[in-house]
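So the chains spell out like this:
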Amino acid sequence: MSSPETGPPAAPDEVLPAVAPQLRALRRRAALTLEAAARTAGLSPAHLSRLETGQRQPSLPVLLALARIYGTTVSELLGETVAERDAVVRAADMEPTVAGGWTYWQAGASGRGMQALRVRVPHGSQGDIVRVHPGEEWLYVLEGLLWLRLGDTTHRLGPGDSAHFDSLTPHRIAAQDADGVELLFVHTLLQSPTAAVCLGPVTGDMP
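Only a predicted model underlies this, so the values are computations on that prediction, with no experimental measurement involved.

**Remarks on the sheet that holds strand β11 (residues 181-188)**
On the basis of which strands lie adjacent, the open sheet formed by six strands has the order β1-β2-β3-β11-β6-β9 and antiparallel pairing. At either margin of the open sheet sits one strand with a lone partner, and together these are β1 (97-99) and β9 (162-166). Sheet twist, expressed as the mean angle between neighbouring strand axes with direction ignored, is 25°. Relative to strand β2 (residues 102-106), β1 runs antiparallel, the two being bridged by three bridges. Bridge pairing in β2 places Ala-99 opposite Trp-102.

Below, the structure written as structure tokens:
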């Protein structure tokens, strides 16, 4: 599995054409240099540059990190158009997006203080990273078995189980089932473009 740093190379049938120009435009809108944005996201400047030029495809954890840093949503990073503050999102309008092996469906509108996603996590971990950032996260398991590490404690969640936690607690998720796990996922959006996000190596192995 590719790590968030290397990421999968862009393949003709996997290219997300709106990502590269959006990443650069939103970074500049946030008045961040390539080096500053990469450092805050836990990436190398060279890797972020490859994402901005379309040479690499970002994973969903990387998109979430960059969205927080730039004070925006994953949907805007991907150039998706969601009706501003539309209270209802129809199932027929939830087009799947694949990023770094993850599949997600936008389950909420833009312009809100939270972002809601339906996410399909592939078997394994989220690129062997621990995430730490301000805010809150809530997840609900729809299908499959999930390992959730919060700090030094690992939890096993099945369908119908949920978790709601402070995102400053180091956290990591992994799908136990070979078919992956499907989740409902909600996180608070940090509107400040300088919001701190720290991505670092995992200490210890998931079960």
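**A short note on the packing of aromatic side chains**
When we look at a pair of aromatic rings, we describe it by the centre distance and by the angle of the planes. Under the counting rule described, the total for this entry stands at one aromatic pair. With a centroid separation of 6.1 Å and 20° between ring planes, the pair formed by Trp-138 and Tyr-140 is classed as stacked. What makes Tyr-140 partly exposed here is its relative accessible area of 29%. Its end group placed over the ring of Trp-105, Arg-118 keeps NZ or CZ at 4.0 Å from the ring centre.

**Digging into the confidence of the model for the protein**
With 73% of its residues at a pLDDT of 70 or more, the protein has an overall mean of 76. Ranking the elements of the protein by mean pLDDT puts strand β12 (residues 198-201) last, at 28, and strand β8 (residues 153-157) first, at 95. Note that residues 1-6 has pLDDT below 50 and, in this model, 21 contacts with residues that lie over four places away or in other chains. Under a pLDDT of 50 for its full length, residues 191-207 has, in the predicted model, 55 contacts with residues more than four places off or in other chains.

**Describing the packing of helix α1 (residues 19-29) against helix α3 (residues 45-52)**
In contact at an axis separation of 7 Å, α1 and α3 are set at 120° when each is read in the N-to-C sense. When the axis of α1 is compared with that of α3, the two are oblique. Contact residues: α1 offers Ala-20, Pro-21, Leu-23, Arg-24 and Arg-27, while α3 offers Leu-48, Leu-51 and Glu-52. For the contact of α1 with α3, the class distribution of residues is five nonpolar, no polar and three charged.

**Focus on the environment of His-187**
With respect to the helices and strands, the residue His-187 is situated in strand β11. Distance in space between the C-alpha atoms of His-187 and Gln-115 is 5.5 Å, their sequence separation being 72 residues. Polar contacts involving the side chain of His-187 include one to the side chain of Arg-68, which spans 3.2 Å.

**Some remarks on the nonpolar core**
In this structure, Leu-66 and Tyr-70 are the most contacted members of the largest nonpolar core, which totals 43 residues. A per-element tally of this core places helix α4 (residues 60-70) first, with eight residues.

**Overview of the pairing of β8**
As judged from the five bridges shared by strand β7 (residues 146-150) and β8, these two strands associate in the antiparallel manner. Counterpart to Arg-149 in the pairing with β8 is Thr-154. Between β7 and β8, which pair antiparallel and follow one another directly, the connecting turn spans two residues, one of which, Gly-151, has a positive phi of 65°.

**Thoughts on the environment of Ala-99**
Along the chain, the position of Ala-99 falls in strand β1. On a C-alpha basis, the gap between Ala-99 and Val-62 in space is 9.3 Å, while along the polypeptide they are 37 residues apart.

Rules used throughout
Residues numbered from 1 in each chain as written. Predicted model: local features only at pLDDT ≥ 70, side-chain atom pairs only at ≥ 80, totals over all residues. Heavy atoms only, no water. Pairing = 2+ DSSP bridges. Helix = DSSP H or I, 4+ residues; strand = E, 2+ residues; numbered from the N terminus. Axes fitted to C-alpha atoms, helices over the stretch in contact; angles between N-to-C directions. Phe/Tyr/Trp six-rings, centres within 6.5 Å; stacked < 30°, edge-to-face > 60°. Buried < 20%, exposed > 50% of the residue type's maximum accessible area, 1.4 Å probe, protein only. Lys NZ or Arg CZ within 6 Å of the ring centre and 35° of its normal. pLDDT = per-residue confidence, 0-100. Contact = heavy atoms within 4.5 Å. Parallel < 35°, antiparallel > 145°, perpendicular 65-115°, else oblique. Nonpolar A, V, L, I, M, F, W, Y, C, P; charged D, E, K, R; others polar. Polar contact = N/O pair within 3.5 Å; in protein donor to acceptor, adjacent residues only side chain to side chain. Core = buried A, V, L, I, M, F, W, Y, C linked by side-chain atoms within 4.5 Å.

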